[in-house]
Amino acid sequence: DKKCVLSGSWRNELGSNMTISAVNAEGGFSGSYLTAVTATNKRILVSPLKGSQNHKSQRKQPTFGFTVSWTFSNSVTVFVGQCFMDDNGEEILKTMWLLRQEVRSPGADWKATRVGTNVFTRIK
Ligand SMILES: O=C(CCCC[C@@H]1SC[C@@H]2NC(=O)N[C@@H]21)NCCc1cc([N+](=O)[O-])ccc1O
């Protein structure tokens, strides 16, 4: 039955949008991410993403990971998740993320990482 494919455009429950390129033979992909929210007072800009998924040919609902290197703030987010087909045959990406912000010293390292979840649905 139908496979869940990562390439294309996705939106999450925060209103962020991401576009993922074609997935290459090794499962590698790249794309861009436009977050709807930020923890800084900086102006939000499109940011690049790079990731990989389990070998695309073998998997119907592949697991994946990708990193967004934020162009407008000294921080990075890694997302991990899985691409599912939901009950009405729609694709959904269930993810968890870690957001690491730059801090000034090792003493501040304890407060530098946030964690959360995001669910993405395909933008038709
Ligand atoms: O905001 C960002 C980048 C955008 C993150 C968007 C997240 S990624 C997970 C979730 N999903 C999604 O779509 N959007 C959100 N970095 C700020 C980190 C930071 C905070 C502080 N501070 O709080 O003081 C100071 C300096 C800093 O660099």
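Whatever comes next refers back to the structure up there.
Residues numbered from 1 in each chain as written. Predicted model: local features only at pLDDT ≥ 70, side-chain atom pairs only at ≥ 80, totals over all residues. Heavy atoms only, no water.

1. Side note on the nonpolar core
- Ranked by internal contacts, the top residues of the largest apolar core, which has 20 residues, are Leu6, Met18, Phe29, Tyr33, Leu49, Phe66 and Leu93.
- Broken down by secondary-structure element, the contributors of at least two residues to this core are strand E2 (17-20), strand E3 (28-34), strand E5 (63-69), strand E6 (75-85) and strand E7 (91-101). (Core = buried A, V, L, I, M, F, W, Y, C linked by side-chain atoms within 4.5 Å. Buried < 20%, exposed > 50% of the residue type's maximum accessible area, 1.4 Å probe, protein only. Helix = DSSP H or I, 4+ residues; strand = E, 2+ residues; numbered from the N terminus.)

2. Quick look at the layout of surface pockets
- Considered as a void within the structure, the largest pocket measures approximately 470 Å³ in volume.
- Around the largest pocket, the lining comprises 23 residues; the ones closest to its centre are Thr38, Ala39, Trp70, Ser75 and Leu99.
- Residue assignment for the lining of the largest pocket shows that the elements contributing at least two residues are E6, E7 and strand E8 (113-122).
- In terms of residue class, the lining of the largest pocket is built from nine nonpolar, eleven polar and three charged. (1 Å grid on protein atoms, 1.4 Å probe; cavity = no way out; pocket = protein on both sides within 12 Å on 5 of 7 lines; lining within 4 Å. Points joined across faces, edges and corners; volume = space filled by probe spheres on them. Nonpolar A, V, L, I, M, F, W, Y, C, P; charged D, E, K, R; others polar.)

3. Looking at the pattern of salt bridges
- With the rule as written, the count across this model stands at three salt bridges.
- Glu90 is the partner of Lys124 in a salt bridge, and the nearest nitrogen-oxygen pair spans 3.0 Å. With Lys124 in the segment after E8 and Glu90 in the loop between E6 and E7, this pair connects stretches of sequence that are 34 residues apart.
- Judged by its relative accessible area of 79%, Lys124 is exposed. (Salt bridge = Lys/Arg side-chain N within 4 Å of Asp/Glu carboxyl O.)

4. Considerations on the sheet that holds E6
- Pairing within the closed barrel is antiparallel, and its eight strands lie in the order E1-E2-E3-E4-E5-E6-E7-E8. The mean inter-strand angle of the sheet, taken between neighbouring strand axes irrespective of direction, is 30°.
- As judged from the five bridges shared by strand E4 (residues 47-53) and E5, these two strands associate in the antiparallel manner. Paired with Ser52 across the two strands is Gly65, which belongs to E5. (Pairing = 2+ DSSP bridges. Axes fitted to C-alpha atoms, helices over the stretch in contact; angles between N-to-C directions.)

5. Description of the side chain of Thr35
- Note on placement: Thr35 falls in the loop between E3 and E4.
- A distance of 2.6 Å separates a polar side-chain atom of Thr35 from the backbone oxygen of Val37. (Polar contact = N/O pair within 3.5 Å; in protein donor to acceptor, adjacent residues only side chain to side chain.)

6. So, the pairing of E5
- Going residue by residue along E5, you find Phe64, Phe66 and Val68 tucked away on one face and Thr63, Gly65, Thr67 and Ser69 left uncovered on the opposite face.
- One ladder, built from seven bridges, connects E5 with E6; its direction is antiparallel. The residue of E6 that forms the bridge with Thr67 is Val78.
- Connecting the antiparallel pair E5 and E6 is a turn made up of five residues.

7. Some thoughts on the site of the ligand
- Ser16, Tyr33, Thr38, Arg114 and Asn118 are the nearest of the 20 residues found near the ligand.
- Between the ligand and Tyr33, the relevant distance is 2.6 Å, taken from an oxygen atom to a side-chain nitrogen or oxygen of the residue.
- Between Thr35 and the ligand, the recorded distance is 3.0 Å, taken from a side-chain N or O atom to a nitrogen atom.
- Contributing elements (two or more residues each) for the shell around the ligand: E6, E7 and E8.
- The leading source of residues in the shell around the ligand is E7, at three residues.
- Split by residue class, the shell around the ligand holds eight nonpolar, eleven polar and one charged. (Near = heavy atom within 4 Å.)

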